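Descriptive analysis of the structure
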Amino acid sequence: NCFSRVMEGHQKCVGKDKPSGNLKILMYLADNYLYPVNFETLVYASQLLQSDAIKYGVEHFRRNRGYTMGSVYWQLSDCWPVASWSSVDSFGRYKALHFAARKFYAPVAMALFNENGGLSVNIANETMAQFCGRVRLFVSDAHFNVKQEITVDVTVDALTSADVMTEKLILDDPYNEFICADLYDADGNFIMRQTELLTPPKHFEWEKPDICVKMTDTSDGVEVRVSSDVFAKGIYLDSASAAIFLSSIIPPACEISGCM
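Now for a look at the structure at hand. These figures come from a predicted structure and were not determined experimentally. The numbering scheme is per chain: residues are counted from 1 as the chain's sequence reads. Since the coordinates come from a predicted model, pLDDT governs what is reported: local features require at least 70, and pairs of side-chain atoms require 80 or more to be given and counted, while whole-chain, interface and lining totals use all residues. Water and hydrogen atoms were dropped before computing side-chain values, which therefore reflect all heavy atoms in the structure.

Counting buried residues along strand S6 (residues 177–185), 8 of its 9 residues qualify, which places the element largely inside the surrounding structure. Pairing between strand S3 (residues 131–141) and S6: 9 bridges, direction antiparallel. The residue bridging Leu 137 from the neighbouring strand is Ala 181, located in S6. Strand pairing follows a simple DSSP-based rule, namely that at least 2 bridges must link the two strands. Only DSSP runs of H or I reaching four residues or more are called helices, and only runs of E reaching two or more are called strands; each is numbered from the N terminus. Where S6 lies against strand S7 (residues 190–196), 6 bridges are found, and the strand directions are antiparallel. Bridge assignment links Leu 183 to a residue of S7, and that residue is Met 192. Adjacent in sequence and paired antiparallel, S6 and S7 are bridged by 4 residues, among which Gly 188 carries a positive phi angle near 85°. Think of it in three bands: with a 1.4 Å probe and only protein chains considered, a residue is buried below 20% of the maximum accessible area for its type, exposed above 50%, and partly exposed in between.

The span you would expect from a helix comes to 1.5 Å times its residue count less one. The terminal C-alpha atoms of helix H3 (residues 39–63), which comprises 25 residues, lie 36 Å apart, in line with the 36 Å expected from a rise of 1.5 Å per residue. Here H3 has its buried residues at Leu 42, Ala 45, Ser 46, Leu 48, Leu 49, Gln 50, Ser 51, Ile 54, Gly 57, Val 58, Glu 59 and Arg 62. Only heavy atoms matter for contacts: two residues are in contact if any of them lie within 4.5 Å across the pair. Residues of H3 that are buried make contact with helix H2 (21–32), helix H4 (96–104), strand S1 (108–115), strand S2 (118–125), strand S5 (160–167) and S7. Whenever a nitrogen or oxygen atom comes within 3.5 Å of another N or O atom, the pair is scored as a polar contact, on the condition that within protein one atom can donate a hydrogen and the other can accept it, and that pairs from neighbouring residues in sequence are kept only if both atoms are in side chains. If you check the start of H3, you find a side-chain oxygen 3.3 Å away from the backbone N of Glu 40, and it comes from Asn 38.

Read from one edge of the open sheet, 4 strands run S4-S3-S6-S7, paired in antiparallel fashion. The open sheet has two edge strands with one neighbour each: strand S4 (146–156) and S7. Going across the sheet, the axis of each strand differs from the next one's by a mean of 15°, ignoring polarity. Under this scheme, a helix contributes an axis fitted over its contacting stretch, all axes are lines through C-alpha atoms, and angles between N-to-C directions fall in the 0 to 180 degree range.

This part covers the environment of Trp 85. Mapped onto the elements, Trp 85 comes out in the loop between H3 and H4. A sequence separation of 12 residues divides Trp 85 from Tyr 73, and the C-alpha atoms of the two residues are 9.0 Å apart. The residues touching Trp 85, leaving out its near neighbours within four places in the chain, are Gln 50, Ile 54, Trp 74, Gln 75 and Leu 97.

This part takes up the packing of H2 against H3. As a packed pair, H2 and H3 sit with axes 10 Å apart at the nearest point and diverge in direction by 80°. Taken together, H2 and H3 sit at an angle that is classed as roughly perpendicular. In this structure, H2 uses Ile 25, Leu 26, Tyr 28, Leu 29 and Asn 32 to contact H3, whose residues at the interface are Leu 42, Ala 45, Ser 46 and Leu 49. Throughout, the term roughly parallel applies to angles under 35 degrees, roughly antiparallel to angles over 145, roughly perpendicular to angles from 65 to 115, and oblique to all others.

Here we take up H2. The terminal C-alpha atoms of H2, which comprises 12 residues, lie 17 Å apart, in line with the 16 Å expected from a rise of 1.5 Å per residue. Within the span of H2, buried status applies to Gly 21, Asn 22, Leu 26 and Leu 29. The buried residues of H2 occupy one face: seen down the axis, they fall within an arc of 135°. Check the buried side of H2 and you find it contacts helix H1 (5–9) and H3. By construction, the arc corresponds to the directions joining the helix axis to the C-beta atoms.

Moving on, we get to the pattern of salt bridges. A side chain with one charge can pair with a side chain of the opposite charge if their charged atoms come near. Whenever Lys or Arg places a side-chain nitrogen within 4 Å of a carboxyl oxygen from Asp or Glu, that contact is recorded as a salt bridge. What the rule picks out here adds up to 9 salt bridges. The shortest N-O distance in the salt bridge between Asp 89 and Arg 93 comes to 2.8 Å. Owing to a relative accessible area of 16%, Asp 89 belongs among the buried residues under this scheme. A salt bridge links Arg 193 to Asp 182; the nearest nitrogen and oxygen atoms lie 2.7 Å apart. Here Arg 193 is found in strand S7, whereas its partner Asp 182 is found in strand S6, with 11 residues between them in sequence. A single salt-bridge network, built from bridges that share partners, covers Arg 136, Glu 149, Asp 182 and Arg 193.

Here you go:
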């Protein structure tokens with residue numbers, strides 16, 4: 001229990017006349033996710049929440065390049081076992097945030113902003129070369145039936161952040177449908193995928209996924225391919241025998257798939 005004496009002793013976000021770190025975690029969880037049913041679910045959901053929060057801030061900063069010229073997040077790692085904002089725990093294991101940082105801090109990164117009745121697609125280009133590519137924006141239901149689709153060619157100058165498109169998308173059922181955007185380079189190579197819900201995750205009608213994991217030995221280690229028969233987010237891999245360190249995350253295939 002996160003409010004036990006031992007767990008509160010490992011929670012260093014404390015102070016006079018201020019709510020504890022655990023209380024803050026549960027407060028923000030209540031806004032976004034269903035209430036955790038056990039301690040393991042609390043750990044899982046709180047890491048998703050942390051990843052969402054830092055991603056939200058970094059994407060905002062990158063969109064406002066010129067006003068904000070850089071960002072770092074608190075914090076990278078811990079030197080002892082605690083509940084904290086670190087993205088790497090005291091054993092050196094990556095939390096959800098550390099994997100997400102690879103995506104939102106990518107040299108060329110795409111972000112979605114749902115505001116003023118429309119959805120804006122932003123591309124932040126922190127390279128020394130102009131970026132030319134294509135954005136595919138579409139609405140899908142949980143079973144990957146595409147309802148609306150828009151494709152545009154985009155160009156973003158070097159060291160520049162720009163909104164490349166703004167569209168008003170109408171969802172017939174925001175509790176079952178989501179918005180998805182795929183980014184490709186000029187040669188048609190898939191770069192990244194972003195998804196956006198128009199309702200809090202706790203209200204989305206998630207379907208129980210059938211997760212398929214295939215492992216293949218390679219010269220560099222083991223390649224793990226994860227797929228789902230329905231829309232799924234926040235999938236994590238774990239092992240009872242060893243800690244898992246993923247050296248890289250290969251983008252999913254260009255066709256829509258359950259791995260988001």
